Amino acid sequence: MPETVVHLVRHGQVENPRRVLYGRLPGYHLSLRGRAQAGLLAAHFAGTPLAAVVASPLERAQQTATPIAAAHGLEVRTDLRLIETSNVFEGAAGNVVWYILRHPKLWWKLRDLRTPSWGERNVDMVERVHAAVDAARAEFAGRQVVLVSHQAPIWVARLAFERRRLTHWPGWRRCTLASVTTLTFDDHRLTSITYAEPAAPALQGPTPTIPVVPGVADPVVPGVAGPAGRLIPDPGDPRRPEREPR
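Asks: Account for the packing of helix α1 (residues 32-45) against helix α2 (residues 59-70), naming residues and giving values.
Replies: Here α1 crosses α2 at 35°, and the two axes come no closer than 8 Å. Considering how the two elements wind past one another, α1 and α2 form a crossing that is right-handed. Residues Ala 38, Leu 41, Ala 42 and Phe 45 of α1 form the contact with α2, whose participating residues are Gln 63, Thr 64, Pro 67 and Ile 68. Across the contact of α1 with α2, the residue classes break down as six nonpolar, two polar and no charged.

Asks: Describe in detail helix α4 (residues 122-139), supporting the description with residues and values.
Replies: Between its terminal C-alpha atoms α4 stretches 26 Å, which fits the 26 Å expected from 18 residues at 1.5 Å a residue. Here the buried face of α4 lies against β1 (4-10), β4 (144-149), α5 (151-161) and β5 (180-186).

Asks: Go over the pairing of strand β2 (residues 50-55) with me, naming the residues and quoting the values.
Replies: The buried count for β2 comes to six of six residues, which makes it a mostly enclosed element. For β2 and β4, the ladder comprises five bridges, and the chain directions are parallel. The residue of β4 that forms the bridge with Ala 52 is Val 145. Bridge count for β2 against strand β3 (residues 76-78) is three bridges, and the pairing is parallel. Residue pairing in the sheet places Ala 55 in a bridge with Thr 78 of β3. Read from β2 through α2 to β3, the crossover connection turns out right-handed.

Asks: Describe unusual backbone geometry, naming the residues involved and giving the relevant values.
Replies: Keep in mind that most residues, glycine aside, have a negative phi and that most peptide bonds are trans. Even without glycine at this site, Arg 163 takes up a positive phi of about 60°. For Arg 163, the location among the structural elements is in the loop between α5 and β5. On the basis of relative accessible area, Arg 163 is assigned to the exposed category, the value being 79%. Residues other than glycine seldom take positive phi values, yet Asp 187 does so here, at roughly 60°. Here Asp 187 is to be found in the loop between β5 and β6 (189-196).

Asks: How would you sum up α1? Please name residues and give values.
Replies: Three or four residues apart is the spacing at which side chains of an α-helix point the same way, because the helix has 3.6 residues per turn. The first and last C-alpha atoms of α1 sit 20 Å apart over 14 residues, in line with the 20 Å expected at 1.5 Å per residue. Buried within α1 are the following residues: Leu 32, Arg 33, Gly 34, Ala 36, Gln 37, Ala 38, Gly 39, Leu 41, Ala 42 and Phe 45. Along its buried surface, α1 packs onto β1, β2, α2, β4 and β5.

Asks: Describe in detail the packing of α4 against α5, supporting the description with residues and values.
Replies: Remark: α4 packs on α5, axes separated minimally by 8 Å, with the N-to-C direction vectors making an angle of 85°. As far as their axial angle goes, α5 and α4 are roughly perpendicular. Contacts from Asn 122, Met 125, Val 126, Arg 128, Val 129, His 130 and Val 133 in α4 reach Ala 152, Pro 153, Val 156, Ala 157, Ala 160 and Phe 161 in α5.

About the criteria used
- Residues numbered from 1 in each chain as written.
- Predicted model: local features only at pLDDT ≥ 70, side-chain atom pairs only at ≥ 80, totals over all residues.
- Heavy atoms only, no water.
- Axes fitted to C-alpha atoms, helices over the stretch in contact; angles between N-to-C directions.
- Helix = DSSP H or I, 4+ residues; strand = E, 2+ residues; numbered from the N terminus.
- Left-handed = near helix turned anticlockwise from the far one by under 90°.
- Contact = heavy atoms within 4.5 Å.
- Nonpolar A, V, L, I, M, F, W, Y, C, P; charged D, E, K, R; others polar.
- Expected span 1.5 Å × (residues − 1).
- Buried < 20%, exposed > 50% of the residue type's maximum accessible area, 1.4 Å probe, protein only.
- Pairing = 2+ DSSP bridges.
- Right-handed = clockwise from strand over helix to strand, strands pointing away.
- Parallel < 35°, antiparallel > 145°, perpendicular 65-115°, else oblique.

What follows is the structure, given as C-alpha cells:
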C-alpha cells in the first residue's frame, strides 16, 4: 500500500492588535499577512494530490484551510479534535506577566508545568489530536491529507509521536505560524516527521503578494497586492512580527 501522509498545518497570523490571549475565544480572524500566508500554503500544496482538508472550528483555522481546499476543489471539513487548547488566561490582553501579577488568584494555577495546571492537560491534547490523525489515516489510507490546527496541539502531538517528554516551555515549540509538520506512515508505522515553513516570508518585509493558485479566485484583500500587483488601500496594516501566544 502507498504511504499515508498527514500534514499538520498551523493557521496563519491573526489580527490581534491588543495582543489578547484568545485561546478558544471566537471572533479572531486572519490578518492581512495571515491571508497572504494562507495563499502561500495553497501554492505550497497546489501540486500535492490532497484527498481532504480538515480544520479546527475556529475562524483562523477555517480561513487558513479554505484556499488550500479550494485549489483542489474540496470543501473544508471540520473536526473539533483539532481545536486550540483551553486555558485560564483567555481574554487577557497585553503583557501576560503583569496580568498574572495583578491577579493573585491565578498564581496557584501556575504550580505545575508538566500537565500544565493552567489549562488542558498535554495528555488530553495528545489523545484528541492523535485520534484525528488516526481517523484521517483510516479514511484516506495511501493518500495525503491536510489537518489545520494550532501551535500547542500540533507540537504536543509531535512530541508524543517522537516519544519525547510532553513537558516543555511554550517558547521552545518549533511550530511557527502557517508551518507544516508532515507525518508519513507506512501502514500503521510512522516512518518520518518533517517540518517546513513555506509561508514564513509573508511575515517580513513589505506588504506581501497573494500568489496565484490555479482554481482559486484572486481574493480582494485591503493592503495586499494581487497577482497584477494592484495594491488596494490599506486601512491599517500593523506590520508587526509574530507575537502570538498560541
